[in-house]
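Structural overview
The residues making up each chain are set out below.
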Amino acid sequence: MTVRLTRRSVLAGALASGAMASPVCAPAIAQNAPRVVVIGGGFAGAGFARALKHIANNVNVTLVETHRTFTACPFSNHVIAGLRDLSAQQFTYEKVAADGVTMAFEPAIAVDAGSRTVTLRSGTPLMYDRLVIAPGISFNWSALPGYDEAAAKIMPHAWHAGEQTELLRRQLEAMEDGGTVLMSVPDNPMRCPPGAYERASLIAWYLKAKKPRSKIIVLDAKDQFSMQRLFQNAWKALYPGQIEWVGLSNGGKINSVDPKTRSLAGDFETYKGTVVNVIPPQRAGTIAQVAGVTDRTGWCPVDPITFESKIAPNVHVLGDATLVGTMPKSAFGAFSQAQICAAAIAKLFANATPDRPKLINTCYSVAAPDYGMSVAGVYQPVGNDYLEVEGAGGNSPVDAPQATRALEAKYAHGLFNTLTGETFG
Amino acid sequence: MVRSRALFIVSFVLAAVGGASAADAPRGASSCIGCHAARPGIEDALPSLKGRKASEVTEAMLAFRQDRKPATVMNRIAKGFSDAEIAAIADWFAEQQP
Ligand SMILES: Cc1cc2nc3c(=O)[nH]c(=O)nc-3n(C[C@H](O)[C@H](O)[C@H](O)COP(=O)(O)OP(=O)(O)OC[C@H]3O[C@@H](n4cnc5c(N)ncnc54)[C@H](O)[C@@H]3O)c2cc1C
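Heads up: these notes are all about the structure in this document. This structure is a prediction, so every number in the text was calculated from the model and none was measured.

A few points about unusual backbone geometry
With an omega of 0 degrees, the peptide bond running from Asn188 of chain A to Pro189 of chain A counts as cis. Topologically, Pro189 of chain A is positioned in the loop between strand E11 (180-185) and helix H7 (195-210). Non-glycine residue Cys192 of chain A carries a positive phi angle of around 50 degrees. Along the chain, Cys192 of chain A turns up in the loop between E11 and H7. For Asp67 of chain B, which is not a glycine, the phi torsion comes out positive at approximately 55 degrees. Structurally, the position occupied by Asp67 of chain B is in the loop between helix H3 (54-65) and helix H4 (74-78). Take Asp67 of chain B: its relative accessible area is 48%, and that puts it in the partly exposed class.

A few points about the site of the ligand
Residue and element names in this part refer to chain A. Close to the ligand lie 34 residues; Ala44, Glu65, Arg191, Asp320 and Ala331 are nearest. A distance of 3.2 Å separates an oxygen atom of the ligand from a polar atom in the backbone of Phe43. Lys329 is positioned such that a nitrogen or oxygen atom in its backbone is 3.4 Å from an oxygen atom of the ligand. Bound to the protein, the ligand loses 91% of the 1,000 Å² it would expose on its own. Secondary structure elements with two or more residues in the shell around the ligand: helix H2 (43-55), helix H3 (76-80) and helix H10 (331-349). Along the lines of polarity and charge, the residues of the shell around the ligand split into 18 nonpolar, 10 polar and 6 charged. Residues from two domains meet in the shell around the ligand; each of domain 1 (2-8 + 18-66 + 106-138 + 284-354) and domain 2 (141-280 + 363-424) gives at least three.

Looking at the packing of H10 of chain A against helix H11 (residues 402-424) of chain A
Residue and element names in this part refer to chain A. Taken N-terminus to C-terminus, the directions of H10 and H11 make an angle of 35 degrees; their axes are 11 Å apart at the nearest point. Crossing of H10 against H11: the hand is left-handed. Touching Ala331, Phe332 and Phe335 of H10 are Leu415, Leu419, Glu422 and Thr423, all from H11. Residue composition of the contact of H10 with H11, grouped by class: 5 nonpolar, 1 polar and 1 charged.

Criteria and cut-off values
- Residues numbered from 1 in each chain as written.
- Chains lettered and ligands numbered in written order.
- Predicted model: local features only at pLDDT ≥ 70, side-chain atom pairs only at ≥ 80, totals over all residues.
- Heavy atoms only, no water.
- Helix = DSSP H or I, 4+ residues; strand = E, 2+ residues; numbered from the N terminus.
- Buried < 20%, exposed > 50% of the residue type's maximum accessible area, 1.4 Å probe, protein only.
- Near = heavy atom within 4 Å.
- Polar contact = N/O pair within 3.5 Å; in protein donor to acceptor, adjacent residues only side chain to side chain.
- Areas by Shrake-Rupley, 256 points an atom, 1.4 Å probe, with all protein chains shown as cover.
- Nonpolar A, V, L, I, M, F, W, Y, C, P; charged D, E, K, R; others polar.
- Domains from an automatic or database assignment.
- Axes fitted to C-alpha atoms, helices over the stretch in contact; angles between N-to-C directions.
- Left-handed = near helix turned anticlockwise from the far one by under 90°.
- Contact = heavy atoms within 4.5 Å.

Next up, the structure:
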């Protein structure tokens with residue numbers, strides 16, 4: 001305790017005298033185990049915290065997370081289609097804590113990279129030697145006039161899983177047969193690029209079974225999307241005439257929304273829906289903006305080997321909040337990055353040189369419960385960025401037999417269980 | 001001071017876990033556990049790679065890479081790795097307790 005107080009007062013002194021993070025602080029913490037604070041307990045943050053404890057057990061790791069229960073987005077489209085309960089998406093942090101990670105269940109509200117301090121909502125300061133920011137995404141509300149927290153209660157986004165997922169589910173259940181479901185999809189970069197088309201597919205699956213006179217219109221701010229041919233072939237085969245996709249060139253980009261009339265205004269037309277799912281434009285989680293580690297794009301540039309911010313030293317950023325080359329924002333990617341970053345930080349504490357990593361990403365999507373497809377990629381640091389290894393990766397074959405689709409749907413479940421099991425189980 | 005801190009940290013930070021240190025996972029290896037679970041008892045997970053004979057893993061990866069073995073996604077992933085990288089990944093998993 002005495003040691004801690006001393007350390008604090010030294011740091012406070014440094015802060016008061018206006019000193020920025022500098023080797024001056026180092027001697028004060030020399031006799032203590034290094035401290036790592038992680039903000040955000042998702043696939044990236046919780047995955048990182050456990051991986052670091054596994055590699056370097058004596059590092060003090062504190063994980064700051066607002067919610068006591070994590071609600072996973074992967075497979076939340078199944079919840080929307082009535083194929084799964086939300087409870088199957090929910091996980092606690094008991095096992096994370098059992099690995100020796102100190103949990104702090106409250107939001108982090110400020111980061112001072114100079115004094116290396118995170119402030120929690122209660123006012124508690126947490127000092128770190130290295131900070132990992134892994135808050136996922138936040139919505140860029142101002143980029144879509146008419147859409148805000150209140151509008152999201154009428155036209156849910158369901159792009160953070162939880163209440164919003166159940167709201168969209170209930171709206172679909174309550175819709176009369178013959179209704180129109182509207183979805184608006186933003187441009188990339190966005191969380192889970194294929195996720196919107198998986199959602200359209202599974203909503204169509206539900207409508208086909210329960211409300212066959214209804215249809216779904218997908219209004220898209222882009223002209224091309226992830227696994228496009230695979231999805232469009234599946235739609236033709238499984239839901240003929242039920243899914244209409246309107247790309248950017250046909251006026252699919254939505255410029256404003258009106259919750260009172262449940263309508264979406266594009267360049268050429270205003271669309272009215274019975275149930276409206278608005279997936280708004282996105283950027284890094286708010287705390288990343290507050291910490292000042294985002295750039296003009298709204299995302300966080302990072303070193304490709306250590307995931308250390310290119311803007312603030314000793315601050316690493318992981319998961320959806322980063323821009324890692326063309327790597328899609330996925331739970332698998334977030335988890336992979338977390339493993340690499342944990343190994344790199346352990347090496348940095350040991351004054352060793354982190355290895356050049358390779359990252360794999362695999363995203364499964366389903367067009368129906370037994371119809372799976374995947375996009376994979378292998379990525380490596382090239383210069384200051386991540387590039388895809390040429391000749392590797394790509395989509396499932398367009399002409400794969402049904403048995404392969406069924407196998408990929410099964411692997412999608414396996415992937416969910418593995419990622420959540422490794423992160424929370 | 002800085003130096004003694006570094007030495008002190010080196011002494012415990014990289015404690016090897018179960019034979020092969022995760023800090024020394026060869027290039028690409030730590031992504032494998034996204035599907036091939038490292039923790040036991042995960043339903044529907046793909047076969048664990050821990051403790052598998054290195055020759056088995058190497059053979060499988062080479063066969064995937066050359067499209068000699070039926071696959072859904074592994075053929076696409078294997079093409080991103082060189083012979084040496086595959087060998088390193090296989091050796092690293094082979095050293096671990098299943
Ligand atoms: C519909 C849908 C389907 C998807 N399907 C798949 C899929 O099949 N496969 C796949 O790989 N990916 C999928 N994804 C993407 C996946 O959900 C994300 O890529 C993944 O969650 C990113 O992980 P993360 O740790 O970066 O962020 P998150 O998982 O969002 O975790 C961030 C955490 O940080 C916490 N947090 C944020 N700010 C603070 C703060 N200031 N203080 C404390 N805590 C904070 C949040 O509460 C949250 O728990 C899907 C996404 C959606 C929306």
